[in-house]
Structures are given as structure tokens and as C-alpha cells.
Amino acid sequence: MAPRAGQPEPRGPLLQGLLLVAAALSQPAAPCPFQCYCFGGPKLLLRCASGAELRQPPRDVPPDARNLTIVGANLTVLRAAAFAGGDADGEEVAAGGVRLPLLTALRLTHNNIEVVEDGAFDGLPSLAALDLSHNPLRALGTGAFRELPTLRSLQLNHALARGGPALLAALDDALVPLGELRLLGLADNALSRLPSAALRLPHLEQLDARLNKLTGLGPDDLRALERDGDLPVPRLLLADNPLRCGCAARPLLAWLRNATERVPDARRLRCTAPRPLHDRPFVDLDEAQLLCADRDAEGRGEEVELTGPELEASYVFFGLVLALIGLIFLMVLYLNRRGIQRWMRNLREACRDQMEGYHYRYEQDADPRRAPAPAAPAGSRATSPSSGL
């Protein structure tokens, strides 16, 4: 049947396409897991903040989720394949099992995580950023970060302080497989040394080691930071560490002066020992000020308190200042000697007048003739000499 005049011809293919798009949009998205919140669809962000009630990672995370954030839970132990369907009782997922193939960012801060077992993040082939900060880690499997070929950022800030040397040794082994790691956060962990494996990561671009207990970096650590070829030179953040400015710090001082761009916060490095150099900017010191006990040519030995020309000069300067103050005081007294004499004379006369006043009143009070007459007893009758009685 031909269309009537003045009516548009129907567009069959266009109408069918619009119907298909409407049908696709009307399909329900993957459900959001229990005790979690999905923002902008599961492909954007999924956040689980359910307090201590959440004791294991959610199992019903949509498979197309890209970012997963769990904050404030009580996970305690991350078992093998915890995010790929591993059983909470320790039964691992089948080999090669992948449940979240698109997950790129996993944030697990403030979840009271104490143990991370081997293979805890297996089944996350696209994971690029992992944040375990602010968890009281006590044990870390040497294979905790295996099967993470695309991991670029690992944050462990304020998470290693309770583990001691054993946890630091385990971290050394766990970092070895992360050949593509770019950013590593180890701030506020009370570390007395940096993990050697972290310094040797070939593609590392930044290592955050602020707020630790590092007293310095040795020659071996500095050599480990050197890179060959076109590999990037890592940047170090070392502020708020108790640097010991002795002879052992000479290699670090020379390294900083040759490559200041490697430590962006170099101006914030301060000495905490020895006492004469306390709170002095580290980069402003000279190597001659970094002293040792035996003061040998190689710069070995323990640091000692400064007793050299600088300390003697400070004592001499202090004595000169005191002498100058005393001289000025004597000069002021000499120039005002007449006024001081007048002031002393007036003070002496005022004291004499005061004492004479006290003495006069004492004599007046002691005269018996000036004592008041006793009062007559009540009821007595007054008599006169002419009464004859």
C-alpha cells in the first residue's frame, strides 16, 4: 500500500535500531553486593564500608567492576584467592580461576588486616593499584603479590610497624615478582632500613619512605638505586626521618648534591644527632662537619660530639657577650653616680623620718600620766568634800 501524500515514508531500519538500544538499556545491571554501595554502575566504583560485620571480601561483586574499595571492615586474614572465589576456610579456587578480570584498583584501608597469605590476590590479572595502608599487618606471605603482572602502585603506609624484622624480611621476598611496579608507599612504618628488593625494582619511579626511623642510607643502598640504560631513576621521599649526621652520612650527602632531583624533599632533611648539629639542614653541612670517633681517612667509626674549634668558638663568643654586658652595666652606674647618691640620700632620710615617727609614738604610749582614768563602778554615789560624810 503506497503512503498517502504529505506523510513521511516509514524508516524501518532506524526504528529497529532504536528499539534494540532501548531494550539494552532496560536490562537490569549486575546487582550490587550486600553491604556495599555501587556508584555510577559497577564498572566505575564499588564501595563496601560495613564496619566489623564484614569479615571476608564480598563474593557477589559484579564481574565487570573496575574499582573496589573496602573501608572499615574486619577482614583480619586475606586467604589465598580471596577475591577470586577462594573459600573463607582456606580452600583455594581452582587453578586459573578468574572472577574479576577487569578490576584495576583495589583499596583495602582501615580493615584490621593482620595476615596476608600467599596468593591472596590471585585471579586479578588486571590489577594495577593496590592499597593496604593503615592495617596492623603482622604476617605477609612471600608469595602474597604473585600473579600480579600489571601492578603499578602498591601502598603500605602505616601498615608494617607491628610486624618487626620478620615482616620486613617477608616484604623483601614478596616484592621480587613486581617487576612493573612504579610507585611504592612505605611511609610511617618505623623502618630502620629500606627493603633491598624495593631499591632494586627495575621500573620503580617513586619510593615514599617518610616518617620512619631511617638514620641514613649506606653505600650499598645508594648503589642499588643506580639504573643502567633508559630505565628511570627512582625518586625518594625521606622527610621526617631521624638522620644521624656522622661520618656514615658522607656518602648520602655526596649523593644528594650530585642528584638533588632524586629527593624532592631534600631541604626538609634535618639532623637529630650529634647534639651540636641537632635540627641543622642536612644538605647545608660540609663533609668536614660529619665527624667520626677515630677520624680515619675512610670515614669509618662511630660519631662523637663536636669538641673542635666550632664548640670552642661558641664558648668564647658567649664569654665575650657576658663581658660586654657587664661593662655596659658598670658604665651606666658610673654615668649615673650623682643621681644614685642623691637617691640613696633621700632613701636614708625617708627611713630616718619613719623610724623617728615610730619612736615618738612609742614614748607617748609609754607615759603613765597619759594613761586613761579607770571608770567609776556602777551604783556608787558621788560625794563632795563639803558634804561632811
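Everything below is about the structure shown above.
Residues numbered from 1 in each chain as written. Predicted model: local features only at pLDDT ≥ 70, side-chain atom pairs only at ≥ 80, totals over all residues. Heavy atoms only, no water.

So, about the sheet that holds strand β4 (residues 77-78). Either a parallel or an antiparallel arrangement is found when strands of a sheet pair, and the pairing is made through backbone hydrogen bonds. Taking strand neighbours across the sheet as the criterion, the 3 strands line up as β4-β6-β8 in an open arrangement whose pairing is parallel. Edge positions in the sheet fall to β4 and β8 (139-140), since each has one partner strand and no second. Sheet topology places β4 next to strand β6 (residues 115-116); 2 bridges connect them, and they run parallel. Paired with Leu78 across the two strands is Val116, which belongs to β6. (Pairing = 2+ DSSP bridges. Helix = DSSP H or I, 4+ residues; strand = E, 2+ residues; numbered from the N terminus.)

Moving on to helix α5 (residues 250-258). Every buried residue belonging to α5 is among Leu252, Leu253, Trp255 and Leu256, and all of these are buried. For α5, the angular spread of buried residues about the axis comes to 165°, placing them on one side. (Buried < 20%, exposed > 50% of the residue type's maximum accessible area, 1.4 Å probe, protein only. Arc of directions from axis to C-beta.)

All right, on to the pattern of salt bridges then. Inspection of every chain in the model, using the stated rule, returns 10 salt bridges. Across the pair Arg79 and Glu117 runs a salt bridge, and its minimum N-O distance is 3.2 Å. Highlighted residues: Arg79 in the loop between β4 and β5 (105-107) and Glu117 in the loop between β6 and β7 (129-131), separated in sequence by 38 residues. Of the residues examined, Arg79 reaches a relative accessible area of 29% and is grouped as partly exposed. One salt bridge connects Arg223 with Asp220, and the closest N-O pair in it is separated by 2.2 Å. Of this pair, Arg223 and Asp220 both sit in helix α4 (residues 219-224), 3 residues apart, which is roughly one turn of the helix. (Salt bridge = Lys/Arg side-chain N within 4 Å of Asp/Glu carboxyl O.)

Another point: helix α2 (residues 164-174). Of the positions making up α2, those classed as buried are Leu167, Leu168, Ala170, Leu171, Asp172 and Ala174. Buried residues in α2 make contact with β8 and α3 (196-199). (Contact = heavy atoms within 4.5 Å.)

Quick look at unusual backbone geometry now. The peptide bond linking Ala273 to Pro274 adopts the cis configuration, its omega dihedral lying at -5°. Following the sequence through the fold, Pro274 ends up in the loop between β14 (271-273) and α6 (309-335). If you check the backbone angles, His158 has positive phi at about 50° while not being a glycine. Its relative accessible area of 38% is what places His158 among the partly exposed residues. In the Ramachandran plot, Ala190 falls in the positive-phi region, its phi being about 55° despite a non-glycine side chain. When you line up the elements, Ala190 lands in the loop between β10 (183-185) and α3.

In this section: the side chain of Asn74. One can find Asn74 in the loop between β3 (67-70) and β4. A polar side-chain atom of Asn74 sits 2.8 Å from a polar atom in the side chain of Asn112. (Polar contact = N/O pair within 3.5 Å; in protein donor to acceptor, adjacent residues only side chain to side chain.)

In this structure the tally under the stated criterion is 2 disulfides. The side chain of Cys245 participates in a disulfide bridge whose partner is Cys271; the two sulfur atoms lie 1.8 Å from each other. Because the sign of the S-S torsion sets the handedness, a value of about -95° for the bond joining Cys245 and Cys271 places this disulfide among the left-handed ones. You can see Cys245 sitting in the loop between β13 (243-244) and α5 and its partner Cys271 sitting in strand β14, a full 26 residues away along the chain. Put simply, Cys247 and Cys292 are joined by a disulfide, and their sulfur atoms are 1.7 Å apart. Pair noted here: Cys247 is in the loop between β13 and α5 and Cys292 is in the loop between β14 and α6, with a separation of 45 residues, a long-range link. The pair formed by Cys247 and Cys292 is uniform in burial state, with each residue classed as buried. (Disulfide = S-S within 2.5 Å.)

Positionally, Asp131 belongs in strand β7. Buried charge Asp131 goes without a salt bridge, the closest partner of opposite sign being Arg107 at 4.2 Å. (Lys, Arg positive; Asp, Glu negative; His and termini not counted.)

Counting 76 residues, the largest nonpolar core has Phe83, Phe121, Phe145, Leu154 and Phe282 as its most contacted members. By residue number, the principal contributor to this core is α2, which donates 5 residues. Beyond its immediate sequence surroundings of up to four residues, Leu154 is in contact with Leu130, Phe145, Leu175, Leu178, Leu181, Leu183, Leu184 and Gly185. (Core = buried A, V, L, I, M, F, W, Y, C linked by side-chain atoms within 4.5 Å.)

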